[in-house]
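Report on the structure
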Amino acid sequence: MNVAPPRVLVVEDEPPISRFLRTTLTAQGYHVLEAECGKSALDMITRNPPDVVVLDLGLPDLDGLDVIRKVRDGGSAVPIVVLSSRSDEAGKVEALDLGADDYVTKPFGVDELLARLRAALRHRLQQQGERQVFRSGDLTVDVVRRIVTAHGEEIKLSPREYDLLRLLVTHAGKVLTHKFILRNVWGADTDVQYLRIYIRALRQKIEREPDRPQHIVTETGVGYRLRASD
Amino acid sequence: MQQRRAISLGAYAGSSAFVALALGVGLALQQFLASSNIALAFLAAVLASAVTYGLWPSLFACLVSVLAYNFFFLPPVYSFTIADPENVVALFFFAVVAMIASNLAARVRDQAVAARQRAKTTEDLYQFSRKLASAITLDDLLWATAYQIALMLKVRVVLLLPEGETVAVRAGYPPEDMLDEGDLAAAKWCWDHNRPAGRGADTLPGARRLFLPMRTGRGAVGIIGLDSDRPGPLLSPDQRRLLDALSDQAALAIERVSLAQDVDRARLEAETERLRAALLTSISHDLRTPLASILGSATTLSAYGDGLDATARAELARTIAEEAERLNRFIGNLLDMTRLEAGAIVPQAELVDIGETVGSALERAGAILAGHRVEMELGADLPLVPLDPVLFEQVVFNVLDNAAKYTPAGSTIRIASRRDGDRVALTITDEGPGVPPSNIERIFDKFYRAQGTDRQRAGTGLGLAICRGFMEAMGGDIRATNRTDRSGAIFTLTLPLRAGAATATLSEDVT
């Protein structure tokens, strides 16, 4: 299949970081566009939308959160991966709630960023035609026949457990905030402790070592992520 | 007043009794003695009155004796007239001798009384100085002083010490903590000029109290304020001298305690200075070591990378990545410590599955623990615990990081949890050398590092201090103990289970 390389817009005002991102992403087959401030980033997204955006939250002119808000208000659904600093869980959650797709915490390894970019791009493709069976390691989820198997056995799930897993599968590889999951599975802003109990139950059924989960990963202070094998 | 009159009436009655006794003796002996000798019995009564009751009762006894002697013994008896002129002269001399004798005897008595009083005062002052010497805090000292002055001078007392630009009440007997404006002005003037002010003094005599400076050789250390309901001068000259003695002792004691406080402050400053020095050493060492590895590896790669084989290049790249991670952890610790000390840690408590948080800490510590075996034994029925997941994950991470540092590769780290009444305990047990028992508490101090194991990989000395800070912020606790079955340390993290945080169940769900 010979498709055009995905176009990634890197919005970053620190030259050393944008330099290594340019080098690495180009080597990985991306077409890299660059913006150093929020205004020019918004401009570029409007005029010639990229396939995915890497956005640093600390920009010289606009707050990164404002950039996300303006992009989404402008009707664009372009995936956004945020670069944020450690110990700013609230900022991450806010960015995700505003419509960012994922985040990477600075400092980060490049493999982590590439995985997030792939998940964000894949999710966009999936929405155009979802795959019938999700497979990752020893876990398979057949979303048409509603059959879940883990370590070779079929797993019986309660309806709500299945809904939860189904949501994670739909967004495989992406972080989902507590709020997002609660709203989509329970339909309202229920207390997050229910979610924790269901996650524990789900892990006990699908994980080999529920205390050291390999599939459903906790993003402490933010939410959960279903690991996707690429 | 009432009581004083009663005492003096008693004295006059007593004197009369002495004279009555002398009269009885005289009547009994008049068959055998000349009347001039009977006068000696009355003289004895006068002297007895003088020694027992003092001057005025003895003069009274003198007068009564003269009358009784005249009436009962000088002819014509049973009348106040005297027939023989010789007896008039005798009676006159008797009166003179009695008066002189009573005067002398009364003076001796006054001196004895004064001596007793002085001895009592000296004893009181001695007791007071002992009390002052044993006072440790300034408040104890001031209270003892106020009490002693009030007791010995029968006045109301306040003690004021300088506070910033002005003076403030620090003790009082009976207890008092505010002064009205006039008194405060007088106290301030007294402090500023180091001279008495207020009631009975030259300055601000309208104030309710008299204020006197408490001085030592170095100057004034505080102010005494006195008042009483008695009219007239507040203090007699004697009382004033006594007050000076009390005030001097108190001033010296106050100075002593203040000096001790200064020494404490100096010691604290020295300690702060030591911490700062340790911080700088730590920062320069812990930042530069990984930076040296990173810079060295990176420059090798860029300058000589072509001449290296693939294994060597990968090794250098791995060093850069690992050392950058280490640097990142160190900076994270510095940030956490700074946030803790700035009071910027506000735990966001949520009901959290402890196992989940431990799991994500383990995930983060994966690379550090690559050489260790980790065993988990988390109670499956553990309730959700109210805690801040971000802080708690960091605590668990730091303890694991610490365990990885101080225990040999290949050893086992065991993580277990249990419910302990209304608390939950998470224990992290290792197979390292354990903690030196003498330092078991100090390991949670900032910049403390276990001695003797200060290998190249030793940490920042901040990790466990952050653990304690975070646990306490969440209302929990962290303790270290040593294993008894073999060498190794046990770190126990405890958290309270808030009332009502009962195990949530899956009952709403139907499978």
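Residues numbered from 1 in each chain as written. Chains lettered and ligands numbered in written order. Predicted model: local features only at pLDDT ≥ 70, side-chain atom pairs only at ≥ 80, totals over all residues. Heavy atoms only, no water.

Residue and element names in this part refer to chain A. By the definition in use, this model includes 18 aromatic pairs over all chains. Note on Trp186 and Tyr198: the rings are 5.3 Å apart at their centroids and 70° apart in plane angle, and the pair reads as edge-to-face. Taken together, the residues Trp186 in the loop between helix H7 (178-185) and helix H8 (192-206) and Tyr198 in helix H8 connect sequence positions twelve residues apart. Residue class for Trp186 comes out buried when judged on its relative accessible area of 14%. With a relative accessible area of 1%, Tyr198 lands in the buried category. (Phe/Tyr/Trp six-rings, centres within 6.5 Å; stacked < 30°, edge-to-face > 60°. Helix = DSSP H or I, 4+ residues; strand = E, 2+ residues; numbered from the N terminus. Buried < 20%, exposed > 50% of the residue type's maximum accessible area, 1.4 Å probe, protein only.)

With that out of the way, let us pick up the sheet that holds strand S1 (residues 156-163) of chain B. Residue and element names in this part refer to chain B. With respect to topology, five strands assemble into an open sheet ordered S2-S1-S5-S4-S3, the strand pairing being antiparallel. Edge positions in the open sheet fall to strand S2 (166-173) and strand S3 (197-198), since each of these has one partner strand only. In this sheet, strand S5 (residues 219-227) lies alongside S1 in antiparallel orientation, the contact comprising five bridges. When the bridges of S5 are listed, Val158 appears paired with Gly225. Helix H5 (residues 138-153) rests against S1, S2 and S5 of the sheet, and its axis sits at about 65° to S2. (Pairing = 2+ DSSP bridges. Contact = heavy atoms within 4.5 Å. Axes fitted to C-alpha atoms, helices over the stretch in contact; angles between N-to-C directions.)

All names here are of chain A. Where strand S10 (residues 175-177) meets strand S12 (residues 223-226), three bridges bridge the pair, whose relative direction is antiparallel. Considered in S12, the bridge of Thr177 is made with Gly223. Both strand S11 (residues 216-219) and S12 contribute to a ladder of four bridges, which runs antiparallel. Of the residues in S12, the one forming a bridge with Glu219 is Gly223.

Bringing the confidence of the model for chain B into the picture now. Residues and elements named next belong to chain B. Mean pLDDT for chain B: 84, with 93% of residues reaching 70 or above. Put simply, helix H1 (residues 2-29) is where chain B has its lowest mean pLDDT, 80, and strand S12 (residues 489-496) is where it has its highest, 94. Across residues 452-456 the pLDDT falls below 50, and counting only partners more than four positions away or on other chains, this stretch makes six contacts in the model. This stretch, residues 499-511, has a pLDDT under 50; its non-local contacts, to residues over four places away or in other chains, come to 20 contacts. Reported confidences for the modelled complex are a pTM of 0.61 and an ipTM of 0.83. (pLDDT = per-residue confidence, 0-100.)

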